[in-house]
Amino acid sequence: MRLLRTRRGATWLLVSGLFVLLVLLGIASDQRTAFLFFGRDAQDNIYCYLDTVDNPIEELDPKQVVKDTSIFFHETSCHTKAGGAYLNKRQACAVESAAMMNPRAQVYVLYPSPLSQPNVSLPADPLFNIINAYSNVHVRHLNAERYFQGSPLEEWYKSGYLQASQYPRSHASDLFRYLTLWKFGGIYLDLDVVVVKSFEDEVNFAGAESSEDVAAGVLSFSTKGLGRKMATECLLDLKKNFRGNDWGYNGPGVITRVLKNTCNVEKVTDMTPENCKGFRVFPPEAFYPIPWRAWKLYFDAEKSESTMKQLENSYAIHVWNKFSITANVTVGSNQPYGLVASKYCPVTYANSVSVF
């Protein structure tokens, strides 16, 4: 009986080993194969990064990007709306607020999915509306494979680690934000961030989410000096510490670890410009005035006055889309999110009819 169990155990190990080998071969030879083994669901599908369309949106030309002063958003999903590049109303609000509050900056919405142009036959398309309203908004496609070339993550990306992730779409967002700032400098913003104050003349900064963590929803690096060094360190950290089975480890964890090393401190509260060689870590009220556990305050009209007071010293507000995506804002209501949107993304808000 013991011999039989031993043989069965050896057989199981052999089968398991062959399975792992096949997965690794699949990752190396065909990035789609890796997703078959590890992909979570259709919403996290990133096959589209390898697809083509007849009339793709214009490719991002690195030579035309204004370095260090541009603002970047990434839409890393693989869905389309009426066949074209698309943002929902709240995503469009984020882009509009950045463009309106920073009129001298060029604002880029980057898609790794090779979609067609926004559908001009749909006048209610939020993305089409803000492109028409703001000359500094640009929608561009980035070819994922070419985008990683020449970076510290080139070979890492080719190896298929992103495609093998359990959360490839979310982790693509983590990777692209650091890679874009490594390439061009400037400012990266999440698509659930509404800008309420100009970022002009601000560079090399991030924002604390709490006393323990620095968040990655608002980031800025320069292309020279400290910013370049930190951007490089972030990419190297991703290469070394990437966790495909952890949803949040590769975003805020990266900038927090790099800052601890740069500033030679352990506590976020000790990350002062003096300790961090000039890099600025803003307090939570700058970008995350309402913590994620209290996200419902953005939708609570009865507590509007006190919530709005909490936003008075903010540069931007992060509305925690992961949790708030299904919460409604009634146009014309006293809900804090709606009040902010009506002022800082007026075109998008005005075209929202009854619900924002």
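Residue numbers here run from 1 along each chain, matching the order of that chain's written sequence. This being a predicted model, a pLDDT of at least 70 is required before a residue's local features are given, and a value of 80 or more before pairs of side-chain atoms are given or counted; all residues contribute to the totals for chains, interfaces and linings. Heavy atoms from the whole structure form the basis of all side-chain values; hydrogens and water molecules are not counted.

Visitor: Help me understand the overall build of the protein, please; the structure alone is not making it clear to me.
Guide: Helix and strand labels come from DSSP, where a helix needs a run of H or I of at least four residues and a strand needs a run of E of at least two; each type is numbered from the N terminus. When its secondary structure is counted, the protein shows 14 helices and nine strands. Each residue's exposure class comes from its accessible area (1.4 Å probe, protein chains only) as a fraction of the maximum for that residue type: buried when under 20%, exposed when over 50%, partly exposed otherwise. Put simply, the protein has 356 residues, and 51% of those count as buried. In what follows, residue pairs with any heavy atoms lying within 4.5 Å of each other are defined as contacts. Considering only contacts in the protein between residues 6 or more positions apart, those separated by 24 or more positions represent 76%. Accessible areas in this description were obtained via Shrake-Rupley with a 1.4 Å probe; residue shielding takes into account the shown protein chains only. For the protein, the accessible area works out to roughly 17,100 Å², and carbon and sulfur atoms hold 52% of it.

Visitor: Hey, could you run me through the environment of Pro114 in this one?
Guide: Relative to the assigned elements, Pro114 resides in the loop between strand 2 (107-111) and helix 4 (126-133). Sequence-wise, Pro114 and Gly84 are 30 residues apart; in three dimensions their C-alpha atoms are separated by 9.4 Å. Those residues in contact with Pro114, other than ones at most four positions away along the chain, are Cys48, Asp51, Thr52, Val53, Pro56 and His141.

Visitor: Help me out: how do you make sense of the state of the cysteines in this one?
Guide: Two cysteines whose sulfur atoms are joined by a covalent bond form what is called a disulfide. Only a pair of cysteine sulfur atoms within 2.5 Å counts as a disulfide in this structure description. Counted under the stated rule, the structure contains three disulfides. Across the disulfide, Cys93 is cross-linked to Cys345 (sulfur-sulfur distance 2.1 Å). Looking down the S-S bond of the Cys93 and Cys345 bridge, the torsion is -80°, so its handedness is left-handed. Of this pair, Cys93 sits in helix 3 (residues 89-101) while Cys345 is found in the loop between helix 13 (336-344) and helix 14 (346-350), placing the two residues 252 residues apart along the sequence. Across the pair, exposure class does not vary: Cys93 and Cys345 are buried alike. The disulfide that involves Cys263 links it to Cys276, with 1.9 Å between the sulfurs. Torsion about the S-S bond of the Cys263 and Cys276 cystine: about 110°, corresponding to right-handed handedness. Of the two residues, Cys263 sits in helix 9 (residues 252-263) while Cys276 sits in the loop between helix 9 and strand 8 (280-282), which places them 13 residues apart along the sequence.

Visitor: Just to check I follow, could you spell out the packing of helix 8 (residues 225-241) against helix 9 for this structure?
Guide: Note on method: axes are straight lines fitted to C-alpha atoms, helices fitted across the in-contact stretch only, with angles between N-to-C directions ranging 0 to 180 degrees. Across the interface, helix 8 lies against helix 9 with an axial gap of 9 Å and an inter-helix angle of 125°. With respect to each other, helix 8 and helix 9 are oriented oblique. Considering how the two elements wind past one another, helix 8 and helix 9 form a crossing that is right-handed. Across the interface between the two elements, Leu226, Met230, Glu233, Cys234, Asp237, Leu238 and Asn241 from helix 8 touch Val254, Ile255, Arg257, Val258, Leu259 and Thr262 from helix 9. In these notes the angle categories are as follows: under 35 degrees is roughly parallel, over 145 is roughly antiparallel, 65 to 115 is roughly perpendicular, and the rest is oblique. In this scheme, a crossing is called left-handed if the near helix is turned counterclockwise away from the far one by less than a right angle; it is called right-handed if the turn is clockwise.

Visitor: Help me out: how do you make sense of the nonpolar core in this one?
Guide: For soluble globular proteins, nonpolar side chains are generally found buried alongside one another. Nonpolar core, defined: a set of buried Ala, Val, Leu, Ile, Met, Phe, Trp, Tyr and Cys residues in which side-chain atoms within 4.5 Å join the residues together. If you look at the biggest cluster of nonpolar residues, it comprises 57 residues, and the most contacted ones within it are Phe73, Val95, Tyr111, Leu189, Phe199, Phe287 and Tyr298. At seven residues, the largest contribution of residues to this core is made by helix 3. If sequence neighbours within four positions are ignored, Tyr111 has contacts with Ile57, Glu75, Ala85, Tyr86, Leu87, Leu127, Val139, Arg140, His141 and Leu142. The next biggest cluster of nonpolar side chains, apart from the first, holds 49 residues, and it includes Phe184, Leu226, Val254 and Ile255.

Visitor: What's the story with the confidence of the model for the protein in this structure? I'm lost.
Guide: Reading fine detail from the predicted coordinates is not recommended where pLDDT is low. As a per-residue measure, pLDDT reflects the predictor's confidence and takes values from 0 up to 100. Overall, the prediction assigns the protein a mean pLDDT of 87, with 84% of residues at 70 or greater. Long-range and interchain partners of residues 1-42, a stretch whose pLDDT sits below 50, account for 36 contacts in this model, where long-range means more than four residues apart.

Visitor: I would appreciate a short explanation of the environment of Gly278 in the present structure.
Guide: Relative to the elements of secondary structure, Gly278 occurs in the loop between helix 9 and strand 8. Along the sequence, Gly278 and Gly227 sit 51 residues apart, while their C-alpha atoms lie 9.7 Å from each other. The contact partners of Gly278, leaving out residues within four places of it in the chain, are Leu226 and Pro273.

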